[in-house]
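Here's the letter readout for the chains.
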Amino acid sequence: MNAVKLVYFSLHRGRASNSRGAWQADDSPIMTASSSDITVSAQGLSRSFGARRAVDAVSLELRRGEILGLLGPNGAGKTTTMQMLTGNLAPSGGGVSICGIDLLEQPTAAKAHLGYLPEHPPLYRELTVREYLDLAARLHRVARPRRGTAVAEAIERCGLAEVTSRLIGALSKGYQQRVGIAQAIVHSPDVVILDEPTVGLDPNQIRDIRGLIRELGDSHSVILSTHILPEVESVCDRVQIMHHGSTVFSDTITGLRQFHAGRRVLLGLRRPPQLSALATIPGVARAEEVSANLFRINFANGGDPTDTLVRRAVDDDWGLTQLTPAQTSLEDVFTHLTQTEDA
Amino acid sequence: MIFTIAAKELKALFASPLAWIVLTLTQLIVSYGFLQRIDDFVELQPQLAETPNAPGVTALVAAPVYATLAVVMLFAVPLLAMRLIAEERRNQTMVLLVSAPLSITEIVLGKFLGLMLFLLLAIGIITLMPLALLLGGRLDFGLLASLLIGSVLLTASFAAVGFYASALTAQPIIAALIGFGSLLIMLLLVGVNAADGLREHGWTVAADFVQVLSPLNNFDPFARGMFDSYSAVCLLLLVIAFLTLTIRRLDAARLGA
């Protein structure tokens, strides 16, 4: 794990924001927004189940209009974190405040700003879609005069118009999922927390739901958990990767892209030298063999060995065939951070 | 907000066949006993007319109706209460209530009120039977009122016990068994008259404790037409105790102890 962290640390010019090794971009423009725009703030959230520590000192912060993707393999603690953020589970340590209201001290006031779609949508099968959304609006204390419009709006936004008078139990999984999302936004909360919102949906529905989430992100803060990586890249502004209960990575998507572009090259050589010869070139942090004639060169922090690589290839007659900046996708980061330790 | 939850519970009860079956069976059993009592009364009437200070139709026909009702409720209430929490847990719908800006107390009181409204309806329908006797005679409304109050309090205490049982598990059937079993044990306490025995030994606190835990014993004075405030308080205490336990239980679930 240490080795992996070091790689990412060296790649990152930002500072480590806390001692647990979570990296946070310090140059993101959003960071300068005023603190009143902070909708969710969690510090050092921890939760143990018996001896097992499911979540260990996770911190996160979210501003209005931001979409945060919570990523991690199964059992990383995503759901537990979300349960703590929504007051469904009391943390063993740390605190949560929603729109400046402490969730543990004033739970009802804080929950009024929250909409939550858990892993299994909490649906009453014996109610019709409209009855159910009306109940959800009542439970979230939407005043009577606004209730009708709030329900109609949620129905429209989630594309439920055709099924309003059908029993929820008779709906397909995709529609049930949409009802679950409608339930989370019917009271137009400041913070919407969605636990794997696109699970069990067909590709068209997934596209619709992603569109809906992006739309929500304009006016609300959204936290969503998923293991679908393209979902995060296409929808989220920020990404936080969890592994074994702690945050192992946290940055903006743009930061992630910028930051990795040009930090690695793929080098194709017809007559390659020893791998160690490549690794000792100044500015190279690590050289890996992709195939017999193709190498992946990782740059050292602040170094750019591209020039040297080209010169050496000519001088030593390595037969250069290819020199391409390797794209580092979120998937690489994810796999790296969450698998190295297990291996 | 309590009423919103109560309305939701009531709707859920009526949406399930269980509630209708329980209502039907209650009606059948109680009305059978009622009709039999009327037959007996008609047969005995000439003799009663000659006896001075003979018990009236309310005592001879109405009182047994509520006694039967109490026994039927002993079976019915745990079945009706079992879904209150256990089913929400099993269907994972509890999250909707817990995530909403509601306190656990509101949730518990709302659910209890919803169940009680249903049970009041059942008691109300049963009460139509003795009221039908007005067609052919007069009723002792004092006794009838005391029977009604006693039945409501007794049913409430059953409901509170059943509710707590439901908060203990995620399996409605298990909840019904726990609720029914606990009520049965309480019934046994009546049988051996444990409270009186303890009182004879001078252990009054223990006696009061057992008294609270024997709801049928506390129903007796009401069945005799006496509004006994001690019994009423005992029944109410049982309700409050088990509702408090339920609230604590649900809070503990959030803490995941």
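Residues numbered from 1 in each chain as written. Chains lettered and ligands numbered in written order. Predicted model: local features only at pLDDT ≥ 70, side-chain atom pairs only at ≥ 80, totals over all residues.

**Quick notes on the overall build of chain B**
Convention followed: Strands here mean DSSP runs of E at least two residues long; helices mean DSSP runs of H or I at least four residues long; both are numbered from the N terminus. A radius of gyration in this sense is built from C-alpha atoms; the matching globule rule multiplies 2.2 Å by the number of residues raised to 0.38. We call a residue exposed when 12 or fewer other C-beta atoms sit within 10 Å of its C-beta, buried when the count reaches 20 or more, and partly exposed for counts in between; the C-beta positions come from the backbone. Residues are defined as contacting one another if the C-beta atoms placed from their backbone atoms lie within 7 Å.
Secondary structure summary: chain B contains twelve helices and zero strands in total. Counting helices and strands in the order they occur from the N terminus, chain B gives α-α-α-α-α-α-α-α-α-α-α-α. The C-alpha radius of gyration computed for chain B amounts to 20 Å, which stays within 12% of the reference 18 Å derived for 257 residues, consistent with globular compactness. Expressed along its principal axes, the backbone C-alpha trace of chain B runs to roughly 70 × 50 × 30 Å. The buried share of chain B, reckoned over its 257 residues, is 42%. Considering only intrachain contacts with a sequence separation of at least 6, the fraction spanning at least 24 residues in chain B is 81%.

**What about the overall build of chain A?**
Within chain A one finds twelve helices and 14 strands. Within chain A, the fraction of its 343 residues that count as buried is 43%. Considering only contacts within chain A whose residues lie at least 6 apart along the sequence, 67% involve residues at least 24 apart.

**Some details on the sheet that holds strand E9 (residues 238–243) of chain A**
Residues and elements named next belong to chain A. Counted only if it meets this: Two strands qualify as a pair provided that DSSP identifies no fewer than 2 bridges between them. For helices, the fitted axis covers only the stretch in contact; all axes are lines through C-alpha atoms, and the angles between them, taken along N-to-C directions, range from 0 to 180 degrees.
In spatial order, the strands read E6-E7-E8-E3-E9-E10; together these six strands make up an open sheet with mixed pairing. Two strands bound the open sheet, and with one partner strand each, they are strand E6 (114–117) and strand E10 (246–252). Going across the sheet, the axis of each strand differs from the next one's by a mean of 15°, ignoring polarity. Direction of pairing for strand E3 (residues 67–71) relative to E9: parallel, over a ladder of four bridges. Residue pairing across strands places Leu 70 opposite Gln 240, the latter belonging to E9. With respect to the sheet, helix H2 (residues 78–85) is in contact with E3, strand E7 (191–195), strand E8 (221–226) and E9, its orientation differing from that of E7 by roughly 150°.

**Details of the interface of chain A and chain B**
Counted only if it meets this: In this count, Pro and Cys sit with the nonpolar residues alongside Ala, Val, Leu, Ile, Met, Phe, Trp and Tyr, while Asp, Glu, Lys and Arg are called charged and the others, Gly among them, polar.
Across the contact, 24 residues belong to chain A and 18 residues belong to chain B. Among the elements that take part in the side of chain A that touches chain B, helix H4 (residues 129–139) of chain A stands out by supplying four residues, more than any other. Of the residues that constitute the side of chain A that touches chain B, the class distribution is 13 nonpolar, seven polar and four charged.

**Quick look at the sheet that holds strand E5 (residues 101–102) of chain A**
Residue and element names in this part refer to chain A. With antiparallel pairing, four strands are arranged side by side in an open sheet as E2-E1-E4-E5. Looking at strand neighbours, the two that pair on one side only are strand E2 (52–63) and E5, the edges of this open sheet. Where H2 meets the sheet, it contacts strand E1 (38–49), E2 and strand E4 (93–98), and its direction lies at approximately 120° from that of E1.

**Section: the packing of H4 of chain A against helix H6 (residues 173–185) of chain A**
All names here are of chain A. Rules: By definition in this entry, angles of less than 35 degrees are roughly parallel, angles greater than 145 are roughly antiparallel, angles of 65 to 115 are roughly perpendicular, and the rest are oblique. It is the rotation of the near helix from the far one that decides the hand of a crossing: anticlockwise by less than a right angle makes it left-handed, clockwise makes it right-handed.
The contact between H4 and H6 brings their axes to 9 Å, and the two run at 30°. Taken together, the axes of H4 and H6 lie roughly parallel to each other. The two elements H4 and H6 meet at a crossing, and its hand is right-handed. Here H4 contributes Val 129, Tyr 132, Leu 133 and Ala 136 to the contact with H6, which in turn contributes Val 179, Ala 182 and Gln 183. Across the contact of H4 with H6, the residue classes break down as six nonpolar, one polar and no charged.

**A closer look at the pairing of E10 of chain A**
Burial within E10 of chain A is extensive, with seven of its seven residues counted as buried. In this antiparallel pair of consecutive strands, E9 of chain A and E10 of chain A, the connection spans two residues, and His 244 of chain A shows a positive phi of 50°.

**What to know about the pairing of E4 of chain A**
Residue and element names in this part refer to chain A. The pairing of E1 with E4 spans five bridges and is antiparallel. Residue pairing across strands places Val 40 opposite Ile 98, the latter belonging to E4. The pairing of E4 with E5 spans two bridges and is classified as antiparallel. Of the residues in E5, the one forming a bridge with Ser 97 is Asp 102.

**Things to note about the nonpolar core**
Formally: For this entry, the nonpolar core is defined as buried Ala, Val, Leu, Ile, Met, Phe, Trp, Tyr and Cys residues connected by C-beta atoms within 7 Å.
Tyr 132, Leu 133 and Ala 182 of chain A together with Leu 80, Ala 159 and Ala 160 of chain B are the most contacted members of the largest nonpolar core, which has 147 residues in total. The element best represented in this core is helix H3 (residues 57–81) of chain B, accounting for 15 residues. The next biggest cluster of nonpolar side chains, apart from the first, holds nine residues, and it includes Leu 278, Ile 297, Leu 309 and Trp 318 of chain A.

**Quick word on the confidence of the model for chain B**
The cut-off we apply is this: pLDDT expresses, on a scale from 0 to 100, how confident the predictor is about each individual residue.
Averaged over every residue, the pLDDT of chain B is 90; residues scoring 70 or more account for 98%. The ipTM value of the predicted complex is 0.85, and its pTM value is 0.81.

**Comments concerning helix H11 (residues 215–223) of chain B**
All names here are of chain B. Where burial is concerned, most of H11 is hidden: seven out of the nine residues are buried. Taken residue by residue, H11 has Pro 215, Leu 216, Asn 217, Asn 218, Phe 219, Phe 222 and Ala 223 as its buried positions. Directly after H11, the chain includes Gly 225, whose backbone phi takes a positive value near 85°.

**A short note on the environment of Val 163 of chain A**
Residue and element names in this part refer to chain A. Here Val 163 shows up in the loop between helix H5 (144–157) and H6. C-alpha of Val 163 to C-alpha of Thr 128: the two residues are 35 residues apart in sequence and 8.5 Å apart in space. Sequence-distant contacts of Val 163, that is, excluding residues within four places in its chain, are made with Val 129, Leu 171 and Tyr 175.

**Quick word on unusual backbone geometry**
Residue and element names in this part refer to chain A. Phi at Ser 188 takes a positive value of approximately 30°, unusual for a residue other than glycine. Within the fold, Ser 188 resides in the loop between H6 and E7. Taking the C-beta count within 10 Å as the criterion, Ser 188 has 16 such neighbours and is therefore assigned partly exposed. Here Glu 196, not a glycine, exhibits a phi torsion of approximately 50°, which is positive. Looking at the secondary structure, you find Glu 196 in the loop between E7 and helix H7 (203–219). You can call Glu 196 buried: it has 21 C-beta atoms within 10 Å.

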